[in-house]
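# Residue-level structure breakdown
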Amino acid sequence: MARLFRWLLRLATVLFVVVLGGLVLVWYFASRSLPDIDGTHTVAGITAPVEIVRDNAAVPHIFGQTDEDTYFALGYAHAQDRLWQMTMLRRTAQGRLSELFGPRTVSIDNLLRRLDLYNLAVSSVETQDAQTTSALEAYADGVNAWLEEINSGAHGRGAPEMWIFDHAIAPWQPADSIAVLKLMALQLSGHASSEVLRARTSLMVPPERLADILPDDPSRGIAALPEYRAMIDGVEPGLRSARAFDDPLSPVKSHELSGASNAWAAGIDRAAAGSTLLANDPHLGLTAPGIWYLARLQLETGDVIGATIPGLPVVLSGRSADIGWGVTTAYVDDQDIHLEEVNPDNPGQYRTPDGWADFRSRDSIVRVKGAPAITLRLRWTDNGPVLPGPVYEVGTVTPPGHVASLSWTALSGSDPSVSAAMAMMRARTIEAAIDAAESYMAPAQNLTLADRTDVALKTIGVIPRRDPAHQSQGRMPSYGYLPENRWDGRMPYDTNPEFIAPEGGILGNTNNKTVDRPFPDHVSFRWGDTQRINRWRRLMQSRQVHTRDSFIEAQLDTVSFTARSLLPLIGADLWFTGEAAPENTPERRRQIALSLLADWNGEMNEHLPEPLIYAAWIRALQDRLIRDELGPLAEEFTHVDPVFIERVYRDVGGAAAWCDVAQSAPEETCTQIARLALDDALQWIDETYGTNIEALRWGDAHQATHDHPTLGEVPVLQWFVNIRQSTSGGDNTLMRGRTSGTGPHPFRNVHAAGYRGVYDFADPDSSVYVTATGQSGHFLSRYYDNLGELWRRGEYVPMSLDPALARAAALGTLTLMPEVR
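Calculation criteria
Residues numbered from 1 in each chain as written. Predicted model: local features only at pLDDT ≥ 70, side-chain atom pairs only at ≥ 80, totals over all residues. Heavy atoms only, no water. Salt bridge = Lys/Arg side-chain N within 4 Å of Asp/Glu carboxyl O. Helix = DSSP H or I, 4+ residues; strand = E, 2+ residues; numbered from the N terminus. Buried < 20%, exposed > 50% of the residue type's maximum accessible area, 1.4 Å probe, protein only. Expected span 1.5 Å × (residues − 1). Polar contact = N/O pair within 3.5 Å; in protein donor to acceptor, adjacent residues only side chain to side chain. Patch = residues over 30% accessible without salt bridge, like charges linked within 9 Å, V, L, I, M, F, W, Y side chains within 5 Å. Areas by Shrake-Rupley, 256 points an atom, 1.4 Å probe, with all protein chains shown as cover. Lys, Arg positive; Asp, Glu negative; His and termini not counted. Charge placed at Lys NZ, Arg CZ, Asp CG, Glu CD. Pairing = 2+ DSSP bridges. 1 Å grid on protein atoms, 1.4 Å probe; cavity = no way out; pocket = protein on both sides within 12 Å on 5 of 7 lines; lining within 4 Å. Points joined across faces, edges and corners; volume = space filled by probe spheres on them. Nonpolar A, V, L, I, M, F, W, Y, C, P; charged D, E, K, R; others polar. Core = buried A, V, L, I, M, F, W, Y, C linked by side-chain atoms within 4.5 Å. Contact = heavy atoms within 4.5 Å. Axes fitted to C-alpha atoms, helices over the stretch in contact; angles between N-to-C directions. Parallel < 35°, antiparallel > 145°, perpendicular 65-115°, else oblique. Disulfide = S-S within 2.5 Å. pLDDT = per-residue confidence, 0-100.

## Structural notes on the pattern of salt bridges
Applying the stated criterion across every chain yields a total of 38 salt bridges. Between Arg-486 and Asp-382 there is a salt bridge, with the nearest N and O atoms lying 3.8 Å from each other. Linking Arg-486 in the loop between strand 18 (478–479) and strand 19 (498–500) with Asp-382 in the loop between strand 14 (374–380) and strand 15 (402–408), this pair joins segments that are 104 residues apart in sequence. Note on Asp-382: relative accessible area 54%, which makes it exposed. Through salt bridges with shared partners, a single ionic network connects Glu-606, Arg-697, Asp-700, Glu-789, Arg-792, Arg-793 and Glu-795.

## Thoughts on helix 6 (residues 130–153)
Its 24 residues place the ends of helix 6 34 Å apart at the C-alpha level, agreeing with the 34 Å of an ideal helix rising 1.5 Å per residue. Among the residues of helix 6, the N-terminal cap falls to Asp-129, whose side-chain oxygen and the backbone nitrogen of Gln-131 are separated by 3.3 Å.

## Some words on a negative patch on the surface
A contiguous patch of negative charge on the surface is contributed by Glu-431, Asp-435, Glu-438, Asp-454 and Asp-494. Among the structural elements, Asp-454 can be located in the loop between strand 16 (445–451) and strand 17 (455–460). Among the residues examined, Asp-454 registers a relative accessible area of 31% and is labelled partly exposed.

## Examining the pairing of strand 6 (residues 293–297)
Among the five residues in strand 6, five count as buried, and that is most of the element. Across the two faces of strand 6 the burial is the same, with Tyr-293, Ala-295 and Leu-297 and Leu-294 and Arg-296 all buried. Counting the residues between successive antiparallel strands, the hairpin from strand 6 to strand 7 (residues 304–308) contains six residues, one of them, Gly-302, with a positive phi of roughly 125°.

## A short note on empty space enclosed by the protein
All told, the structure shown has eleven cavities of 30 Å³ or more when counted by the stated rule. If you add up the space inside the second largest cavity, you get close to 320 Å³. Along the wall of the second largest cavity there are 23 residues; nearest its centre are Leu-316, Val-327, Tyr-440, Pro-443 and Gln-445. Elements that contribute at least two residues to the lining of the second largest cavity include exactly helix 8 (174–188), strand 4 (260–266), strand 5 (277–285), strand 9 (323–329), helix 12 (417–426) and strand 16. Across the lining of the second largest cavity, the residue classes tally to 19 nonpolar, four polar and no charged.

## Points about unusual backbone geometry
In the segment running from Ala-288 into Pro-289, the intervening peptide bond is cis, with an omega of -5°. Of note in this structure, Gln-473 is not a glycine but carries a positive phi near 55°. Tracing the chain through its elements places Gln-473 in the loop between strand 17 and strand 18. Taking relative accessible area as the criterion, Gln-473 reaches 17% and is therefore assigned buried.

## Remarks on the nonpolar core
If you look at the biggest cluster of nonpolar residues, it comprises 156 residues, and the most contacted ones within it are Tyr-76, Leu-186, Met-425 and Leu-816. Per-element accounting of this core gives the leading share, 13 residues, to helix 2 (residues 67–94). Among all residues touching Tyr-76, those that are not within four sequence positions of it are His-41, Val-43, Ile-52, Gly-142, Val-143, Ala-145, Trp-146, Glu-149, Leu-814 and Leu-816. In terms of nonpolar packing, the next biggest core, distinct from the first, is built from 53 residues, Leu-596, Trp-617, Phe-637 and Trp-658 among them.

## Some points on the packing of helix 17 (residues 586–598) against helix 20 (residues 670–689)
Helix 20 packs onto helix 17 with a crossing angle of 95° between their chain directions and a minimal axis gap of 10 Å. Classified by the interaxial angle, the pair formed by helix 17 and helix 20 is roughly perpendicular. Along the contact surface, helix 17 presents Arg-589, Arg-590, Ala-593 and Leu-594, while helix 20 presents Arg-675, Leu-678, Asp-679, Leu-682 and Asp-686. The residue makeup of the contact of helix 17 with helix 20, split by class, is four nonpolar, no polar and five charged.

## With respect to the state of the cysteines
Scanning the model with the defined rule gives one disulfide in all. Note that Cys-659 is cross-linked by a disulfide to Cys-670, the S-S spacing being 1.9 Å. Sign of the S-S torsion, about 100° for the bond between Cys-659 and Cys-670, identifies this disulfide as right-handed. Linking Cys-659 in the loop between helix 19 (642–649) and helix 20 with Cys-670 in helix 20, this pair joins segments that are eleven residues apart in sequence.

## Let's talk about the sheet that holds strand 1 (residues 39–43)
In spatial order, the strands read 1-28-2-3-6-7-8-9-16-17-19; together these eleven strands make up an open sheet with mixed pairing. Among the strands making up the open sheet, the edge pair consists of strand 1 and strand 19. With direction set aside, neighbouring strand axes in the sheet form an average angle of 20°. Here helix 2 sits on the sheet in contact with strand 1, strand 2 (50–54), strand 3 (60–63), strand 6, strand 7 and strand 28 (812–818), set at roughly 160° to strand 6.

## Regarding the confidence of the model for the chain
Per-residue confidence for the chain gives a mean pLDDT of 92; residues scoring 70 or more make up 94%. A low-confidence stretch, residues 220–225 (pLDDT under 50), is modelled with 13 contacts involving residues beyond four sequence positions or located in other chains.

## A short note on the pairing of strand 25 (residues 755–760)
Counted residue by residue, strand 25 has six buried out of six residues, so it is predominantly covered. Here strand 25 shows a buried face lined by Tyr-755, Gly-757 and Tyr-759 and a second buried face lined by Arg-756, Val-758 and Asp-760. Here strand 5 pairs with strand 25 via four bridges, running antiparallel. Bridging from a neighbouring strand, Leu-278 pairs with Tyr-759 of strand 25. Direction of pairing for strand 25 relative to strand 26 (residues 768–771): antiparallel, over a ladder of four bridges. Looking at the pairing, Val-758 lines up with Val-768 of strand 26.

## Some details on the environment of Leu-801
By the element assignment, Leu-801 lies in the loop between strand 27 (797–798) and helix 24 (803–808). Note on Leu-801: relative accessible area 13%, which makes it buried. Considering only alpha carbons, one finds Leu-801 and Asp-303, 498 residues apart in sequence, at a separation of 7.2 Å. In this view, Leu-801 contacts Arg-296, Asp-303, Val-304, Ile-305, Arg-319, Ser-320, Ala-321 and Asp-765; residues no more than four positions away in its chain are not counted.

Next comes the structure, spelled out in structure tokens:
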């Protein structure tokens, strides 16, 4: 026995040593790709030495003698810190994910090939102005210089992910940067999916109830539209299609997650220090690493600093010494789905206003790892590319003998948007920035500006010109062969909403409706916010003058206007009612919950139980209201629409009819439904978070999920690559943390302000900014999440253009020396 024990001990020791040696080996090879941030590299492609000074937050401050050298160094720094992310953005736009991930991503590649974004980017290179072309080429040279350094300097393939997904990296091209912007446009677009959802819902409910469940902004009347069934023949209600784009690698998300942001500015009369202020926090899906990368660029027209996206040599939100700019999604209705009738005698043709025409078509081969390659037949009509049925669930509303095509402003092969963005970055006045944006196409944004004397807001991007006789006003799919349903170019740029030096001194946007115009001058019927704007207006008007700190306070505000307005409605007949109930009974738990909510001020604080009770209640309430009418389609309504709940409980236009369960004999009241929904919510909370109501924490449910898109679900590795944080805020707070709305954890924070910046032109170097994770995309780097805890706590890092401050506490200075030939 003793001998056996010794042998087992020896075997265990050997196994331990082998495992430990394997882990050390893995760590060694993975850590080889950690970039040098100090020292000297000799590179080809620059004219003079360039310094990349990384400050104590790992933000690169790039000092070059020419703009081209500066852009070269930005490409070099982007590739050092985010190479895997950049290659994945490019591969997604190209429709080539399946070469790495196999059948899992075929549906994503199918869509991207049909949209043809990458080829459109390639053809758009010639559309860029000379300055932009030069910048794109220099940036690409910088990326490729780092690729060369990886190969010659044994830098572990450039990223640890490269060891798992082994593939050759093609040199970066100027078209790749344009493709990244087009991919962002796809991520920020949600009108096509909204059209399909409206059409599907209209097949289930009468028009007056459609106005409840998919309401317009309540500040204007509801426009009467034809029923989809009456407008489109041969379509019947159907079950939802299988969701093809739930993969974290997909750029297509639910219309509920299509984009959001906040931006506001104060003129000199409303700023305490005598010069302007601007705050911006664009919201996108949370990932690790985050999409934003902080950088400072020394340019011949003046230095700029702010947030970039790896792959793009542009500061998209930031400032110079003279002007600041921020962006919010404009919710321009820039997409239409057209139903194209296919010639029954010739499937290669479709109907146009002038008769049958041939589809433009070509074959495209998708190579799939571990499976046979797939040949796609890509087709286009005059209106746009033909979509596969699962995309946006469009197959559920396409009648027999038809296919669906997509009109979209981003589908241009002559797109100068990158040139416009770079010209805006170089502008030094509001007027110059607005003029520079005229050629910008997509994604449409509200550009908020502040120079040293004035503030302004301008919607930039193409707004399609629609016929006043359009069948659905662009709100539902329509026949593509009818002339009145087709686009007729773009609206003039000077008709885009514009506000310069407002009389009140303050302007802003929370994705709310910016103008109240009738169709077809309406900009959009679908806006991203009807709630946060109310809280923002109160905070802005509660002070005569503002400071940097008051703007920060507003940016971090977690009070829910929605909770404060809806709870008195749905609980009107429930507060402090009912007889005394024994402990641990449903009645007693309901009383405790209502008592907590009655004393709550609507603050969505991560440490409180009330936000979780409220969120679970309102979610269960909407589900009870719509489930019997919509059936399985109710699953598509993943988030509560506060306007719908308000219409029901105020009985606007008979909306209280939603409270009655149509399939039951009794007539239920809205009070009964509210009580039942509260019981549902408390039961769900018991099963998920425990029975002690007072001990609940909103932050346990509302964790920010910064997950790695490719490794985030891999056992063991996910503990190293994912970042999870308890967070405050909610769907409708200014510090917005959009919840997932689906699955066993519907309140996880999946879409939030990955970047926050506040710019003070009374003292520009006191401006601040922060991102949600860190600068590095390497999960072994200390800078992978170095900013994450600051972001969670509502803190920032200095945003200074003073070179001395950058150098004072620098982590390192990397000097790029021109190669001597």
